[in-house]
Amino acid sequence: MRAGFPDFRLGSVLATSFTGTLSERHGDAVERIPTPQRLVDWLAVSGLAVHSCTTAQLELAWELRESIHAVATAAAIHDALPAPAVQVINDRSIAGRAAAVLTPESNRQWRLSSASCVEDALGVIAADAISIIAGERDGKLALCASPTCRAAFFDTSQSRTRKWCDMNTCGNRQKKARFNANQRKSTRSAE
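Residues numbered from 1 in each chain as written. Predicted model: local features only at pLDDT ≥ 70, side-chain atom pairs only at ≥ 80, totals over all residues. Heavy atoms only, no water.

> In this structure, what is going on with unusual backbone geometry? I would like to understand it.
Backbone geometry follows two general trends: most residues other than glycine have a negative phi, and most peptide bonds adopt the trans configuration. Positive phi, normally seen in glycine, also occurs at Glu24, with a value near 55°. Within the element layout of this structure, Glu24 appears in the loop between strand 1 (22-23) and strand 2 (30-31). By relative accessible area, Glu24 is classed as buried at 11%. (Helix = DSSP H or I, 4+ residues; strand = E, 2+ residues; numbered from the N terminus. Buried < 20%, exposed > 50% of the residue type's maximum accessible area, 1.4 Å probe, protein only.)

> Explanation requested: the pairing of strand 3 (residues 99-102) in the structure shown.
Looking along a regular strand, one sees side chains alternate from face to face of the sheet. The sheet contact formed by strand 3 and strand 4 (residues 108-111) spans four bridges and is antiparallel. In the strand pairing of strand 4, Leu102 is matched with Arg108. Between strand 3 and strand 4, which follow one another and run antiparallel, lie five residues, and Ser106 among them has a positive phi close to 70°. (Pairing = 2+ DSSP bridges.)

> I'm lost on the packing of aromatic side chains in this one. Help?
The relative placement of two aromatic rings is captured by the distance of their centres and the angle of their planes. Per the stated rule, a full pass over the model turns up one aromatic pair. Each ring, one from Phe18 and one from Trp42, has its centre 5.1 Å from the other, and the planes form 50°; the classification is tilted. Of the two residues, Phe18 sits in helix 1 (residues 14-19) while Trp42 sits in helix 2 (residues 36-45), which places them 24 residues apart along the sequence. Judged by its relative accessible area of 0%, Phe18 is buried. (Phe/Tyr/Trp six-rings, centres within 6.5 Å; stacked < 30°, edge-to-face > 60°.)

> What should I look at first to understand the environment of Cys53 in this one?
Here Cys53 shows up in the loop between helix 2 and helix 3 (55-76). With 14 residues separating them in the primary sequence, Cys53 and Leu39 have C-alpha atoms 7.4 Å apart. Excluding its chain neighbours within four sequence positions, the residues that come into contact with Cys53 are Pro36, Leu39, Val40, Leu58 and Val118. (Contact = heavy atoms within 4.5 Å.)

> Help me out: how do you make sense of the packing of helix 3 against helix 4 (residues 83-95) in this one?
Helix packing geometry: the angle between the two helix axes and the distance between the axes. Close contact between helix 3 and helix 4 brings their axes to 8 Å; oriented N to C, the two are set at 130°. By the criterion of interaxial angle, the relationship of helix 3 to helix 4 is oblique. The chirality of how helix 3 crosses helix 4 is left-handed. Of helix 4, the residues touching helix 3 (which contributes Leu60, Glu63, Leu64, Ser67, Ile68, Ala70 and Val71) are Ala85, Val86, Val88, Ile89 and Arg92. Classifying every residue of the contact of helix 3 with helix 4 gives nine nonpolar, one polar and two charged. (Axes fitted to C-alpha atoms, helices over the stretch in contact; angles between N-to-C directions. Parallel < 35°, antiparallel > 145°, perpendicular 65-115°, else oblique. Left-handed = near helix turned anticlockwise from the far one by under 90°. Nonpolar A, V, L, I, M, F, W, Y, C, P; charged D, E, K, R; others polar.)

So, to be careful, I would describe these as geometric facts and stop short of saying anything about function.
The following block contains the structure:
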């Protein structure tokens, strides 16, 4: 990964990991794909390698990311899905021409129509979002309990009661804040 940018927050679900490229949406927002090259980097680590990306393609990616976030958030709280965001997801899915292929190691891999076709990669992400939101996969959409994050994530835990989009960031931050508050309360009580 290139120096000077915040680390990617990679989860096991492509679509919600993609929405995590903008984190802390209700605090000091952190943009993790601010440049076309950074989108190329994220796609590569997500198994969707492309050789290049234009500013216009980055803008398509941001539009898709925000649409997935809006629709996943609405689905998580059982609200009506925003029609304009649904249309963006559908348009990106239709525009992609990627094909799933089976590797000799029994893994699914995506083959893009050309090495520089960002639209194909966005189509794969959109299709992943559709499968999650349509309820085709085992799990449930939820929102991070962190008041500054509120990221949509796909909970595949056995109990489906996960509270944080990422335990290593949001979960630990909340646990640390609770611990510090309890320490301050204990110190005041002892005085």
